[in-house]
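In case you want the letters, here they are:
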Amino acid sequence: MTGFLDNVLGGLALGAVYALVALGFVVIFKASGVLNFAHGSLLLLGGYLVAVLHDDLGFAGALALAVLATAALAGALDRFLLQRGGQDAHAAHVQTIVTIGVDIVLLTDLARRIGGDLLTLGDPWGDAVTELGPVTVADSRLAAIVVSAVVIGGVFALFRFTSWGLSLRAAAEDLEAAALMGVRLGRVRAGAWCLAGALAALAAVFLAAFPAPGLERTTGQIALNAFPAAILGGLASPAGALAGSLIIGLTEALVVGHQSELHVLGEGFGDVAPYAVMLLVLLVRPTGLFGAKGTARV
């Protein structure tokens, strides 16, 4: 029973971090219709900046600078590279392909810089643990749950109560109508990309924290487990991204924790379990758990 509770807490913490990444996918898709395949490399960049700057600036200063720098780079990529291709449906498909090229460039450079090293981010939790009754949980996991809940709550408030959030929701409903009503689509898009970049940099801290060994060049690929979470919940639904992330996080943690009982499925099944769950759900609900069916005028 204790092992099961350990896995559940670990899954909730992992799902909370995945939610930060999945929200980045969703907000960019809502604003521009683009699937950002460079999201993992932006996350790796944020973590790398924290790793190289925390000795000089301290953890808080390094994290703040990494979040700002990653957000600025993400916004610049959209403003000066992607938006030049236009903002219609066909342009969004082309821009999605462009993000694959951006991802390759960023990952290649960061992999060269990191090499085979494991980088520490200087986070204040270290390897400390807390006992919650019969369960022992890493402080970093508790911090991941608390920080993610606060940040996600702030993002949802941003969607609901700000003019930018209203503009984003209008653009997600109908780009042409939003433009005719005075919504400045370029600014909405740039803001969405900046927000996604900031969330990715924050998520990097918890993906590299204990019990993970540290930041390595494959950390960005691990973050892409949040992609099936976004698809699972419905790619245009922030609430779906949150629900999908918790499902994926719990699934991954439980499968890894019970790998010995699931050996018939093969070694490392935990790595593909998120995608297996995504496929099973999409067979029943092709638009995702919170996705709405499209309508067509005839």
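Here is what the cut-offs are and how they apply
Residues numbered from 1 in each chain as written. Predicted model: local features only at pLDDT ≥ 70, side-chain atom pairs only at ≥ 80, totals over all residues. Heavy atoms only, no water. Helix = DSSP H or I, 4+ residues; strand = E, 2+ residues; numbered from the N terminus. Buried < 20%, exposed > 50% of the residue type's maximum accessible area, 1.4 Å probe, protein only. Areas by Shrake-Rupley, 256 points an atom, 1.4 Å probe, with all protein chains shown as cover. Lys, Arg positive; Asp, Glu negative; His and termini not counted. Charge placed at Lys NZ, Arg CZ, Asp CG, Glu CD. Salt bridge = Lys/Arg side-chain N within 4 Å of Asp/Glu carboxyl O. UniProt positions renumbered as here; feature names shortened; annotations may be inferred. Pairing = 2+ DSSP bridges. Patch = residues over 30% accessible without salt bridge, like charges linked within 9 Å, V, L, I, M, F, W, Y side chains within 5 Å. Core = buried A, V, L, I, M, F, W, Y, C linked by side-chain atoms within 4.5 Å. Contact = heavy atoms within 4.5 Å.

Draft legend 1. Quick look at the overall build of the protein chain. Regarding its fold elements, the protein chain presents eleven helices and two strands. Listing the helices and strands of the protein chain from first to last along the sequence gives α-α-α-β-β-α-α-α-α-α-α-α-α. The buried share among the 298 residues of the protein chain stands at 47%. Accessible area for the protein chain stands at about 14,200 Å²; split by element, carbon and sulfur atoms hold 66% of it. For the protein chain, the centre of its 15 positive side-chain charges and the centre of its 20 negative side-chain charges are spaced 17 Å apart.

Draft legend 2. Region of the structure containing the pattern of salt bridges. What the rule picks out here adds up to three salt bridges. A salt bridge links Asp78 to Arg189; its shortest N-O distance comes to 2.5 Å. Here Arg189 lies in helix H7 (residues 185-208) and Asp78 lies in helix H2 (residues 39-82), a separation of 111 residues in the sequence. Its relative accessible area of 1% is what places Arg189 among the buried residues. Of the charged contacts in the structure, one is a salt bridge between Arg113 and Asp109, with a shortest N-O distance of 2.9 Å. A residue pair is termed a helical-turn pair when its members lie 3 or 4 positions apart in one helix, as Arg113 and Asp109 do in helix H3 (residues 89-114) at four residues. Assessed through its relative accessible area of 46%, Arg113 is described here as partly exposed. When salt bridges with common partners are traced through the structure, they connect Asp109, Arg112 and Arg113 into a single cluster.

Draft legend 3. Representation of the UniProt feature "transmembrane region" (unreviewed entry) in the protein chain. As annotated in UniProt, the feature "transmembrane region" (unreviewed entry) corresponds to residues 12-29, 34-51, 57-77, 142-161, 190-210, 222-248 and 272-292 in the numbering used here. For the annotated span residues 34-51, helix accounts for 72% and strand for 0% of the residues, and the straight-line distance between the end C-alpha atoms is 30 Å. Measuring from the first to the last C-alpha atom of residues 190-210 gives 33 Å, for a span that is 90% helix and 0% strand.

Draft legend 4. Local environment of unusual backbone geometry. Cis geometry is adopted by the peptide bond preceding Pro211, which originates at Phe210 and carries an omega value of 10°. In this structure, Pro211 sits in the loop between H7 and helix H8 (219-223).

Draft legend 5. Layout of the pairing of strand S1 (residues 129-132). Examined bridge by bridge, S1 and strand S2 (residues 135-138) share four bridges and lie antiparallel to one another. Each residue of the ladder has a partner; that of Val129, found in S2, is Ala138. Two successive antiparallel strands, S1 and S2, enclose a turn made up of two residues, where Gly133 displays a positive phi of approximately 65°.

Draft legend 6. Broad picture of a nonpolar patch on the surface. A contiguous nonpolar surface patch, about 250 Å² in accessible area, is contributed by Phe37, Ile100 and Ile104. Summarising the element assignment, Ile100 is placed in helix H3. Overall, Ile100 belongs to the partly exposed group, its relative accessible area being 39%.

Draft legend 7. Quick peek at the nonpolar core. Counting residues in hydrophobic clusters, the biggest one holds 76 residues, and the most contacted among them are Val27, Leu43 and Trp164. Ignoring sequence-local partners within four residues, the contact set of Trp164 consists of Val27, Leu158, Phe159, Arg187, Val188, Gly191, Ala192 and Leu195.

Draft legend 8. The environment of Leu110, seen in detail. Tracing the backbone through its elements, the reader meets Leu110 in helix H3. Accessibility expressed as a relative area gives 3% for Leu110, which makes it buried. Through-space distance from the C-alpha of Leu110 to that of Ser41 is 8.2 Å; in sequence the pair is 69 residues apart. Sequence-distant contacts of Leu110, defined by excluding residues within four places in its chain, comprise Ser41, Leu44, Leu45 and Tyr48.

Draft legend 9. Spatial organisation of the environment of Phe29. Relative to the helices and strands, Phe29 resides in helix H1 (residues 2-32). Judged by its relative accessible area of 27%, Phe29 falls in the partly exposed class. Residues Phe29 and Phe161, 132 residues apart in the sequence, show an inter-C-alpha distance of 20 Å. What Phe29 contacts, discounting residues up to four positions off in sequence, is Val34, Leu35, Leu235 and Ala236.

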